[in-house]
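Overview (structure and organization)
Single-letter residue listing:
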Amino acid sequence: MSGRKREARNRPGTPSPRRETSAGGVVVRVTEGRPLVLLIRDSYGNWGFPKGHLKRGERPEVAAVREVMEETGLRSLVVRAPIAAIDWVFTWRGSLIQKKCHFFLMETTTERTTPQAAEGIIECRWSSVDDAQRLIRYANARAVLRQAEELVRARDGAAVAREG
């Protein structure tokens, strides 16, 4: 979040930002023993994770699964764990928006995706964690990816410990 946006939000007489809540998923697919992460490219050319608004009364976990399915065409998803909620402020059509997005670690065995143009998604891509870190523009989304990677490593380490 830029300092300028933060200052605008705190200036006397400046309207309070409209609050929005979203949820999304960091989807992992393990191939040949290594995790791949699903990224989406939006209509602005930015790479990130599938996410979207909660419907009235909808729990973040339910919204996250729904949004991942809508934006990527994936149907076989298992929610493994909550990752984090991130906040940012931005301007949209002249209005200041304060957004909070809850992310969940999800897993699938399905490779084929179908980017949903109607949802503004122009491409889906399976990437290594390192490639995803380079492709994702926003620092807060890269932080979510690092947290997801830690959860996957902890889970995989626990599985190895159980086998041994």
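What counts and how
Residues numbered from 1 in each chain as written. Predicted model: local features only at pLDDT ≥ 70, side-chain atom pairs only at ≥ 80, totals over all residues. Heavy atoms only, no water. Helix = DSSP H or I, 4+ residues; strand = E, 2+ residues; numbered from the N terminus. Buried < 20%, exposed > 50% of the residue type's maximum accessible area, 1.4 Å probe, protein only. Contact = heavy atoms within 4.5 Å. Areas by Shrake-Rupley, 256 points an atom, 1.4 Å probe, with all protein chains shown as cover. Phe/Tyr/Trp six-rings, centres within 6.5 Å; stacked < 30°, edge-to-face > 60°. Lys NZ or Arg CZ within 6 Å of the ring centre and 35° of its normal. Core = buried A, V, L, I, M, F, W, Y, C linked by side-chain atoms within 4.5 Å. pLDDT = per-residue confidence, 0-100. Pairing = 2+ DSSP bridges.

What to know about the overall build of the protein
In terms of regular secondary structure, the protein is built from 4 helices and 7 strands. Listing every helix and strand of the protein by position from the N terminus yields α-β-β-β-β-α-β-β-β-α-α. For the protein, the proportion of its 164 residues judged to be buried stands at 40%. If you take every contact in the protein between residues at least 6 apart in sequence, the share linking residues at least 24 apart comes to 68%. About 9,700 Å² of surface is accessible on the protein, with carbon and sulfur atoms providing 48% of the total.

Some details on the packing of aromatic side chains
Summed over the entire model, instances satisfying the criterion amount to 1 aromatic pair. Measuring from centroid to centroid gives 5.9 Å for Phe-49 and Phe-103, while their planes differ by 70°, and the two rings are edge-to-face. On the criterion of sequence distance, the pair formed by Phe-49 in the loop between β3 (47–48) and β4 (51–53) and Phe-103 in strand β6 (residues 95–107) is long-range, its members being 54 residues apart. Overall, the relative accessible area of 3% leaves Phe-49 in the buried class. Between Arg-29 and the ring centre of Trp-126, over which it is positioned, the NZ or CZ distance is 4.7 Å. The cationic tip of Arg-125 hangs over the ring face of Trp-47; the distance from NZ or CZ to the ring centre is 5.7 Å.

A few points about unusual backbone geometry
You will see that Glu-32, though not glycine, has its phi angle at about 50°, which is positive. For Glu-32, the location among the structural elements is in the loop between β1 (18–31) and β2 (34–42). Despite not being glycine, Arg-93 shows a phi value in the positive range, around 50°. Mapped onto the elements, Arg-93 comes out in the loop between β5 (78–92) and β6. For Arg-93, a relative accessible area of 74% translates into the label exposed.

Remarks on the nonpolar core
Nonpolar side chains tend toward joint burial in soluble globular proteins. In this structure, Val-26, Phe-49 and Leu-145 are the most contacted members of the largest nonpolar core, which totals 22 residues. The element contributing the most residues to this core is helix α4 (residues 139–163), with 5 residues. Apart from residues lying up to four places away in sequence, Phe-49 is in contact with Gly-25, Val-26, Val-37, Leu-38, Leu-39, Ile-40, Phe-103, Ile-136, Ala-141, Val-144 and Leu-145.

Remarks on the confidence of the model for the protein
The predicted model of the protein has a mean per-residue pLDDT of 87, with 86% of residues at 70 or higher. When the criterion is pLDDT under 50, residues 1–9 qualifies, and its contacts beyond four places in sequence or with other chains add up to 12 contacts. Low pLDDT (under 50) marks residues 158–164, which in the prediction has 0 contacts with non-local residues, meaning those over four places away or in another chain.

A word on the pairing of β6
Most of β6 is tucked away: 10 of the 13 residues are buried. Taken together, the 13 bridges between β5 and β6 define a ladder with antiparallel strand orientation. What sits directly across from Trp-88, in β6, is Lys-99. Between β5 and β6, which pair antiparallel in sequence order, lie 2 residues; one of them, Arg-93, sits at a positive phi of approximately 50°.

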